Every structure is written in C-alpha cells, then in structure tokens.
Amino acid sequence: MAKIKPSIPQGTRDFGPQVMRKRNYIMQTIRETFQVFGFQPLETPAMEQLDTLTGKYGDEGDQLMFKILNNGETLNKAATPIAASIQENTPLTRSVRLFSEKALRYDLTIPFARFVAMNQNELAMPFKRYQMQPVWRADKPQRGRYREFYQCDADVVGSNSLLNEIELLLIYDTVFEKLGLHGHELRVNNRKILSGLAEIAGRPDLLTDITVAIDKLDKIGIAKVKEELQQRGLGETEINVIENFLHIDGSNSEKLAQLSALLKNSPTGMKGIEEISFVLNAGLAKFSSTPILDVTLARGLNYYTGMIIEVKAPASVAIGSIGGGGRYDDLTGLFGLPGISGVGISFGVDRIYDVLEQLVLFPEAAQQSTKVLFLHLGEASIQTAFPLMMQLRRKGIPAELFHEASKMDKQLKYADKRSIPYIVILGDSELAENKVSIKNLNTREQQTVTLEDFELFAFE
RNA sequence: GUGGUUGUAGCUCAGUUGGUUAGAGCAUUAGAUUGUGGUUCUAAGGGUCGGGGGUUCGAGCCCCCUCAUCCACCCCA
C-alpha cells in the first residue's frame, strides 16, 4: 500500500485528550444547566433531506451547504438523463437532485423545526429542547471559523410568554457563573424596536439594510454607519432620525424613556419597548450579570421578530460574541405547521473555550485523567495490584495498571508524561510485608501503608 | 467568491548571489542504570525538500502551472 501523508480535511479539527477534557467540562456545564431549567435532550441525524434544508438560509446558505453524493444505483440512474441532456445540448433542470438528495446539517434550528413539525401531535407544548451537535458549512476556513463546528442550542417553541425570554437569559447567567466567568455582558434588544425605528425614519422597506448597517456601529463607528446608510439608499433626514436613535444612552430605564419618546408614533416600536421593559424589570430573579439594553444590537439573522440577545466576552480577551439568540415567529410554517412562535439561545463553545483558556479558568479537575498508576513489577505483583486497582475504580478513582513489566524508570516516565499524580508500588519487599507503597509524584513523598490503610487512603 | 502568506524529518524551523553526500532542536527507540521519574551523556532510525513541468553543466533556492495551508475582506458561529 502506498504511503500517504496523513491529514484531515480543510477546516476540520482533531480534539486531543487534553482539549477534549476541557471541551467536555464546558459542554457538561451547559448541559446540566439546560436540564435543570427543564429542557429536554434532542439529537437529529447528521444528514437531512436536501429539500428540508435548501432555501432556508438564503442563496449563500445553499452554496455553503455540504451536499452528499448519491451512491450506487441512484447515481448510475442519474447518469442516463445527464448524458442525454449533454448530447441534446439541453439544460438539465434540477440536476443537483440527480447527484445529491441529502446534505449535512447546516445548523440545529431547521432540523429542530422539522422535528417539531413531524411530531407535533406527540409533543407536549410548549416544547423545550436542547441540542448539542456538530454542524457543517462549506465556508472558506479562517481564524476561529471552521467547516465543522459545534452548536449548543436551547429553544422553546409553542409559547409566546415573555417568561421564556427571562428563563433563557438566566440560563446564560447561570452557565457563565458556573464557569467562573466575570466581566461578560448580556446585551438585549427587540427587533420590534428596530422595526419601529425604520417606520419613524420613513423607510420600513429598508429594515434589513438599516439593521445590517447599525449592527456594525461598534466596529466601524458612527461616521461609517451613516456612510453605509447613504449607500443603502437612505436620505439625509432619514439618516438623522437613525443617528438620534443611536445616541440613546444611559441606564436601562433612561434608555427606555428616550426610546418611548422617539418611537411614540410607532405601535410596533412601542410594543417592542413594552416587551423589553417587561423582560428587564420583571424582578423575578437575581442576575449575577444584569442584562443591558443595547439599542444598536441588531444581529444579522432576519428571521428574528422579538427579543434579540447577544453575549459579549469580557473586554479583556477581545474575542467578541460568545453566544446569541432571539425570538422568531412561525419557524415551522415552512413545514406545514404555522403559527408556532419560538425563542432560543446558542452557546459558542469554541469561543468560550478560548476565553476560559486565556483567563486560566479551567479547573484542575477538568484537566486530570488517571489519578493512580499501579506499577507492573512482575506476575506476583499484579496478582495483588489488580484487585486493589479495581477497588479504587469502584470508588470512582481513575486508576490503571502499567501494561507490562518494563523497567521502573520507563513506567515512571509514563506516569510523568500523563501527569498521573500517584503511583502504587507492590514489589517483593511490600508483598513480603503485606504492605503497599504509595508515592505522590508531585511532592515526591512516599509512604508504605498496610492493605487496610490503603483502602482508606484519600487520593486527592 | 477577492487579495495576500507559507509549504524542507513525526513536530518547530535553519539552509548565504544556484555549487560536493540537505542540517539543528524537540520527539521516538536503545544503552549508560537489576526498585524510584522530570536532569545529563552516547548511539540509532527517520527526507520523492508539497506535486508536475521548465531554465541550467548543476535547482531546496530561479520561472510557469497545480495542490495544500494560514491570514485579511465579504458573510457568519
């Protein structure tokens, strides 16, 4: 067999043991939190029918979708009409379908909507689910951007209650509290406020252009935003209205008062203000990091219709957004189940990883694997060692036995390399006395104890 | 999709205006060491110099094509 240079596809990653342990720590923290908030687990297949996904993410989304090549007979059958159309020089409509009928999932939201539509009669509404799985995009990879990455989503469908918004904000607050993160910001806004702004400015038709432009405010500054608005077709007086809006500042209640004055003639805008002030002022729970009203928060996804949320990493790490979400109406309408409103959030695991790494917030426990290594010092030694090792494992202490009777030097080097803190030595002298030697490799202290004391020994 | 960067040992990288048999560190394996590691020393293995073509007496180095990679933009998570 020819030797090939091993490699992995562009934009994909291996996660080695040390990285996986830290990733698991993040994912477990998120999962536990989802569960205590009453969310239920869901997994959907890596691939979906092509029809389920196409047209849901815009033209660009269709381009970035990984399509799966049909196999065997199906592909062979496709060859005939393709050959015919080439010969007759006629365009082959829906040619993609002949090659591919499936695609890798592009996000978790559409498969979730599909699942809800398929199982509408069995599900207890409102349906609260969480889902943590990889998604794939045929994007050109670059820093912090991959072709395969994980999304961790929690959504509630079938309820218009704003209590859901509050609960989701509390999930963020709880997770980041548990991860020991401080200095992050929970920013909220409401799409209806932005709609109201477009109305007041006299350009409800350009809502998307307006949101795209003001979303860039903290990146490019007010002058450039105005420039962009002009390029997108807004007049001077219209831009002035938006500029006034962008200058809204102060505490949450001050901002709400200014908004009310500005948007008083827009029923949609006033509805948005009402919603957001309920969410911010309900006073049902204490936040360790109080949500901040940010009227310039827009978020690109234009299916949002109510509250929008974004979590910003602490300013000290310059990583930006580590999560986001919002409310969307009629998500399942495309699958024949209209009138179902949903609200959801998403955690950016890769970025949270980078934040915790930079701030050195991973606990020691998330980084350790095996705690105790039993040295292999010959047949007689392992006869005693093996049951003792199993005893530790039953107590939940990760333990292993060296695989062969190598030189002690080599076994110790293995322990060192694996960062195993304790070794257990059962050599001829220990066996003769019915004792066990335990060495702490960090402190280099060694003690010899009886079998009874070994049972009580705390490996910490 | 647009622009740029870099491809030399398992990894990180040297390699002069083109000149004999392409180097170093780390890692691996073995030994110095018959029950105590992280240090040190010695030795060994490991390369189609990303691939193809061209210029030349001669190419890791120059030219063309191609593939991969990373970075920035667009967009997004």
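Residues numbered from 1 in each chain as written. Chains lettered and ligands numbered in written order. Predicted model: local features only at pLDDT ≥ 70, side-chain atom pairs only at ≥ 80, totals over all residues. Heavy atoms only, no water.

With that settled, consider the UniProt feature "binding site: L-histidine" (unreviewed entry) in chain A. UniProt's entry tags D107, L108, T109, R137, Q151, D155, R299, Y303 and Y304 with the feature "binding site: L-histidine" (unreviewed entry), counted in the numbering of this structure. Its location among the elements puts D107 in the loop between strand 4 (100–104) and helix 6 (109–118). A relative accessible area of 9% places D107 in the buried class. If we ignore the near neighbours within four places in the chain, the residues touching D107 are Y57, V135, R137 and Q151. Engagement of the side chain of D107 in a polar contact is seen with the side chain of Y57, the distance being 2.7 Å. Within the secondary structure, R299 is located in the loop between strand 8 (292–293) and strand 9 (304–312). Leave out the neighbours within four places in its chain, and R299 touches R191, D215, Y304, I308, I309, E310, G324 and G325. (UniProt positions renumbered as here; feature names shortened; annotations may be inferred. Helix = DSSP H or I, 4+ residues; strand = E, 2+ residues; numbered from the N terminus. Buried < 20%, exposed > 50% of the residue type's maximum accessible area, 1.4 Å probe, protein only. Contact = heavy atoms within 4.5 Å. Polar contact = N/O pair within 3.5 Å; in protein donor to acceptor, adjacent residues only side chain to side chain.)

What the domain assignment lists for chain A is domain 1 (29–45 + 105–358) and domain 2 (368–454). Just the C-alpha atoms count here: the centres of domain 1 and domain 2 sit 52 Å apart. (Domains from an automatic or database assignment.)

Time to look at the environment of G11. Relative to the assigned elements, G11 resides in the segment before helix 1 (17–36). Taking the C-alpha atoms as reference, G11 lies 13 Å from D350; in sequence the two are 339 residues apart. If we ignore the near neighbours within four places in the chain, the residues touching G11 are P141, Y146, R147 and E148.

A few words on the pairing of strand 9. Of all 9 residues in strand 9, 7 are buried, a share of seventy percent or more. Relative to strand 9, strand 7 (residues 185–190) runs antiparallel, the two sharing 6 bridges. Its bridge partner lying in strand 9, V188 is registered against I309. As judged from the 6 bridges shared by strand 9 and strand 10 (residues 321–328), these two strands associate in the antiparallel manner. (Pairing = 2+ DSSP bridges.)

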